[in-house]
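Per-entry structural report
Listed here are the chains, written in short residue letters.
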Amino acid sequence: MAVLRKLPSLSILSLVALVILVVEPYESLSSSRKSVHSGFKTDYNGVGSGMCASAVTVHGYKCQEFEVTTDDGYILSVQRIPEGRVGGAGGPKTNRQPVLLQHGVLVDGVTWLQNSPAQSPAMILADNGFDVWISNVRGTRYSRRHVTLDPDSADYWNWTWDDLVVHDLPALVDLVFKQTGQKIHYIGHSMGTLIALASFSEGKQIDKVKSAALLSPVAYLSHMTTALGDVAARAFVSEITTIFGLAEFNPRGEPVSDFLKVLCAQAGVDCYDLITALTGKNCCLNASTVDHFLKNEPQSTSTKNLVHLSQTVRDGVLSKYDYGSNDFNQAHYGETKPPRYNLTNIPHDFPLFLSYGGQDALSDVQDVGILLDNLKYHDVEKLHVQYIKDYAHADFIIGITAKDIVYNQIISFFRNQG
Ligand SMILES: *[C@@H]1O[C@H](CO)[C@@H](O)[C@H](O)[C@H]1NC(C)=O
Ligand SMILES: *[C@@H]1O[C@H](CO)[C@@H](O)[C@H](O)[C@H]1NC(C)=O
Ligand SMILES: *[C@@H]1O[C@H](CO)[C@@H](O)[C@H](O)[C@H]1NC(C)=O
């Protein structure tokens, strides 16, 4: 741990910030006062321990497990809820439209199934006649496999969200498209919005996607308003990689939790209050759901992915991964700077539903403003924007009021796309 003492507190805080950006919302209303260092003890049960069995069929829904291999060899697990509990009484009996649910960073597809069926987006969509597909990106518990690479090796973790754009999303969209023979409605949360926006801006997937609903949209990250967010924005990411290497970032693992313990103590901060201050106050979480959630999440991601996200915080622009030197960037991209994703290039007639919250410190209102500015030439009738004053990051996926406030609007929006 000696190395930790040498780190400037700036980078110490920035790592805390990165870790808790997504983790914290699920803790904030937890009945027991948990710190960031505990409560993540569920073992990885490996493949086939069955999200379907543990989170879907228990509620009386049909559920199918799929797997799909990306063109770079990652084997992803996908769950499908083909119809509602009572045959989808609320929707059409045939020709159910497929919806692909894409989770954010440090979580997995379980994120859509945490509340009761009447409150969980995946089951609400099924009950409304949609054919629901749940993605789990590389490195998460059910998608921790590769055709040749060992998930315990650093090579397996050599990727960022750029690779989700290039490899995972195409594999997932193709799977659903081929299985259903229909164009897909997409719902993303947090990083699940980022990879969709990046893909659409390059004209990718857009031919197979009918419309997209983006919850807590994340494209720009430079306006996190809290003191800690500000620190993260100016962070030097190199120290983080010095400690962990460009390998697995496992928030349940001892190195990360030990690291956080030391950092919180050294920085003289109460991490609980700090993270609340950083991520915003979720209005509408159920404490039992939060406890349940903590048994499943957070999931691993790659350190390189967190570095890439922190580059977005630091640089205020949306670019591919910055290899850190002109030479390395030149070797990878043929340019000295990483290429930008230009969101103004998203086709203006592509149906988009955006929902963002006034209390969301990760998807900050000002940063969403920049995104909306990128979309200012979008066809007005194809862009539906919803602002929810009281919502923070987690309210959009596990908020107990989200059905009435958000999901019903999404369902109407999808139905209106014909
Ligand atoms: C990681 O992947 C990149 C290509 O995306 C490659 O250039 C680099 O050598 C890889 N790094 C390691 C440590 O394997
Ligand atoms: C919160 O979750 C518990 C356990 O699932 C459930 O019994 C309770 O009804 C939920 N409360 C609300 C307000 O939804
Ligand atoms: C993005 O693309 C638009 C038009 O396609 C162009 O006018 C604009 O300069 C581009 N922005 C950046 C940052 O490259």
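Scroll up a little and you will see the structure.
Here goes a summary of the coordinates provided. (Residues numbered from 1 in each chain as written. Chains lettered and ligands numbered in written order. Predicted model: local features only at pLDDT ≥ 70, side-chain atom pairs only at ≥ 80, totals over all residues. Heavy atoms only, no water.)

So, about the state of the cysteines. Throughout the structure, instances matching the rule amount to 2 disulfides. Through a disulfide, Cys52 is tied to Cys63; the S-S separation comes to 1.9 Å. For the disulfide bridge between Cys52 and Cys63, the dihedral angle about the S-S bond is near -70°, and by the sign convention the bridge is left-handed. Pair noted here: Cys52 is in helix H3 (residues 51-56) and Cys63 is in the loop between H3 and strand E1 (64-69), with a separation of 11 residues, a long-range link. For Cys52, a relative accessible area of 6% puts it in the buried group. With a relative accessible area of 17%, Cys63 lands in the buried category. Here Cys283 connects covalently by a disulfide to Cys284, the sulfurs 2.3 Å from one another. Between Cys283 and Cys284 the disulfide shows an S-S torsion of about -100°. By sign, it is left-handed. The exposure class of Cys283 is partly exposed, given its relative accessible area of 33%. (Disulfide = S-S within 2.5 Å. Helix = DSSP H or I, 4+ residues; strand = E, 2+ residues; numbered from the N terminus. Buried < 20%, exposed > 50% of the residue type's maximum accessible area, 1.4 Å probe, protein only.)

It is worth spelling out the site of ligand 2 at this point. Around ligand 2, a shell composed of Gln119, Asn286, Ser288 and Ile400 is seen. Separating an oxygen atom of ligand 2 from a side-chain N or O atom of Asn286 is a distance of 2.3 Å. Protein chains bury 35% of the 360 Å² of accessible surface belonging to ligand 2 in isolation. Among the residues forming the shell around ligand 2, the class breakdown is 1 nonpolar, 3 polar and no charged. (Near = heavy atom within 4 Å. Polar contact = N/O pair within 3.5 Å; in protein donor to acceptor, adjacent residues only side chain to side chain. Areas by Shrake-Rupley, 256 points an atom, 1.4 Å probe, with all protein chains shown as cover. Nonpolar A, V, L, I, M, F, W, Y, C, P; charged D, E, K, R; others polar.)

On to helix H12 (residues 303-315). For H12, with 13 residues, the first-to-last C-alpha span of 18 Å sits near the 18 Å given by 1.5 Å per residue. Across the 13 residues that make up H12, a large majority, 11, are buried. The complete set of buried residues in H12 reads Thr303, Lys304, Asn305, Leu306, Val307, His308, Leu309, Ser310, Gln311, Thr312 and Val313. Directly after H12, the chain includes Gly316, whose backbone phi takes a positive value near 70°. (Expected span 1.5 Å × (residues − 1).)

Let's shift gears to the site of ligand 3. Neighbouring ligand 3 are Arg340, Asn342, Thr344 and Asn345. The separation between an oxygen atom of ligand 3 and a polar side-chain atom of Asn342 is 2.2 Å. At a separation of 2.7 Å, an oxygen atom of ligand 3 approaches a polar side-chain atom of Asn345. The protein chains hide 32% of the 360 Å² of surface that ligand 3 would expose on its own. Looking at the shell around ligand 3, its residues break down into no nonpolar, 3 polar and 1 charged.

Read these as geometric descriptors, not functional statements.
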